[in-house]
Amino acid sequence: MKAAVLVAREKIEVKEVEAPQPGSREVLVAPKYTGICGTDIHIYQGEFEGRVRYPTIVGHEFAGIVEEVGEGVETIAAGDKVCIDPIIPCMQCTACREGNLSACKNLKLRGVDLDGGLAEAAVVGADQVFKLPERVSVKDAAMVEIFSVATHAVRRGRIDPADFVVVLGAGKLGLSILSVLKTIGAGTIVITDLQDYRLDTARRIGADVCINAGDKDAVKEVLSLTGGRGADRVFEAVGHAEKSVSGLPPIAEAAEMIRNAGRIVVLGQGPDMAPVFWRPFVWKEATIVASRVSRGEFPRAISMLESGLLDPSHIVTHEVPLEYVPDAFRMLAEGAEEALKVIVKID
Ligand SMILES: [Zn+2]
Ligand SMILES: [Zn+2]
């Protein structure tokens, strides 16, 4: 089979490799569409070395058709249209044993720790496979993973009706969070970014206020929009940001703009320490929670796609064939403007 194989740092080759075989309780899937994630680019740049071994087939956001099922698989059959939840919890650690699978201490991801979906075939565990309803296309289903991650974050945020919500960062994840927020009746939604192109996309998805944090101080803007009260909820989906007018790292911006007893959800994975001025934060008695991958949100994301509540077409900006994967990674690693989600079509 043909696969896009990461053979060394910043080196992906599309080549023939041996096709995997499904074992007991496993399923052989032919991926038809695989999304390229920000994490994939970090992997490509060597930031996951130690966890990712070369050669590895990357790609953890994928949907396709079941080709073959292994022994003991009864709920899925060859020909089924499916998407894949890439996470593999250990089921042994304390977090797993209390049901917090997304916080697993030994969490593995297909496409990170194990071969993934940028290939003509992939073997996955039967419990990682979700059957798609008639009305969800395989292409849209490649977005189920990121929408599940966004749904998990929104649930961690415990949004109340009419909440004033700020999303820091209008990248793929920030825009996915915005898309999910639009489905649940939040009040005003503000989104910030440094690129106008992304903010235009946010406006199309339905953001009420878009702030270019390179032109304006996002903290001052949010405080002024709320009459000095601050935001009810803030999602930090940036990690590392440069050139913002506030001069603060995103988590510090969130801490400054949150209201008393408000709630911050952190998804950004910046490489640096980020200082926060804790005294005013303590006086606010605000809450910070982290949100990692997803936990049980796949069926919800699938049904939101089925009912048309989510529209992936705003976020998917490019569709490329498997042969183009090395160029796509190079382009994304160089920080291509006007590129959000790049989806790989595998024939
Ligand atoms: Zn991802
Ligand atoms: Zn675990």
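Read on for a plain summary of the structure. Everything numeric in this text was worked out from a predicted model, so none of it was measured. (Residues numbered from 1 in each chain as written. Chains lettered and ligands numbered in written order. Predicted model: local features only at pLDDT ≥ 70, side-chain atom pairs only at ≥ 80, totals over all residues. Heavy atoms only, no water.)

### Quick notes on the overall build of the chain
- Helix and strand content of the chain: 11 helices and 18 strands.
- Taken against the 2.2 N^0.38 rule, which gives 20 Å for 347 residues, the C-alpha radius of gyration of the chain at 20 Å falls within 12% of a compact globule.
- Across its three principal axes, the chain shows a C-alpha extent of roughly 60 × 40 × 35 Å.
- Looking at the chain as a whole, 52% of its 347 residues are labelled buried.
- Of the contacts formed within the chain by residues at least 6 apart in sequence, a portion of 73% connects residues at least 24 apart. (Helix = DSSP H or I, 4+ residues; strand = E, 2+ residues; numbered from the N terminus. Rg over C-alpha atoms; globule rule 2.2 N^0.38 Å. Buried < 20%, exposed > 50% of the residue type's maximum accessible area, 1.4 Å probe, protein only. Contact = heavy atoms within 4.5 Å.)

### Observations regarding the coordination of the zinc ion (ligand 2)
- On the protein side, the zinc ion (ligand 2) has Cys90 (SG), Cys93 (SG), Cys96 (SG) and Cys104 (SG) as donor atoms, found 2.3 to 2.4 Å from it.
- The site at the zinc ion (ligand 2) holds four donor atoms, and with the angles between them running 101 to 120 degrees, its shape is tetrahedral.
- Mapped onto the sequence, the residues coordinating the zinc ion (ligand 2) show the spacing C-x2-C-x2-C-x7-C. Placement of the pair is Cys93 in the loop between strand 7 (87-88) and helix 2 (94-97) and Cys104 in the loop between helix 2 and strand 8 (108-109), with a sequence separation of 11 residues. (Donors = N, O, S within 2.8 Å, 3.2 Å for Na, K, Ca; no water. Tetrahedral: all angles 85-135°; square planar, octahedral: opposite > 155°, others 65-115°.)

### Quick word on the pattern of salt bridges
- This structure, assessed with the given rule, holds 17 salt bridges.
- The closest approach of N and O atoms between Lys341 and Glu61, which form a salt bridge, is 2.7 Å. With Lys341 in strand 18 (residues 341-345) and Glu61 in strand 5 (residues 61-69), the pair connects residues that are 280 residues apart, well separated along the chain.
- Here Glu61 falls in the buried class, since its relative accessible area comes to 1%.
- The partner of Arg229 in a salt bridge is Asp232, with the nearest N and O atoms 3.1 Å apart.
- Owing to a relative accessible area of 43%, Arg229 belongs among the partly exposed residues under this scheme.
- Among the residues examined, Asp232 registers a relative accessible area of 5% and is labelled buried.
- Here the salt bridges share partners, and the residues they tie into one network are Lys11, Glu13 and Lys15. (Salt bridge = Lys/Arg side-chain N within 4 Å of Asp/Glu carboxyl O.)

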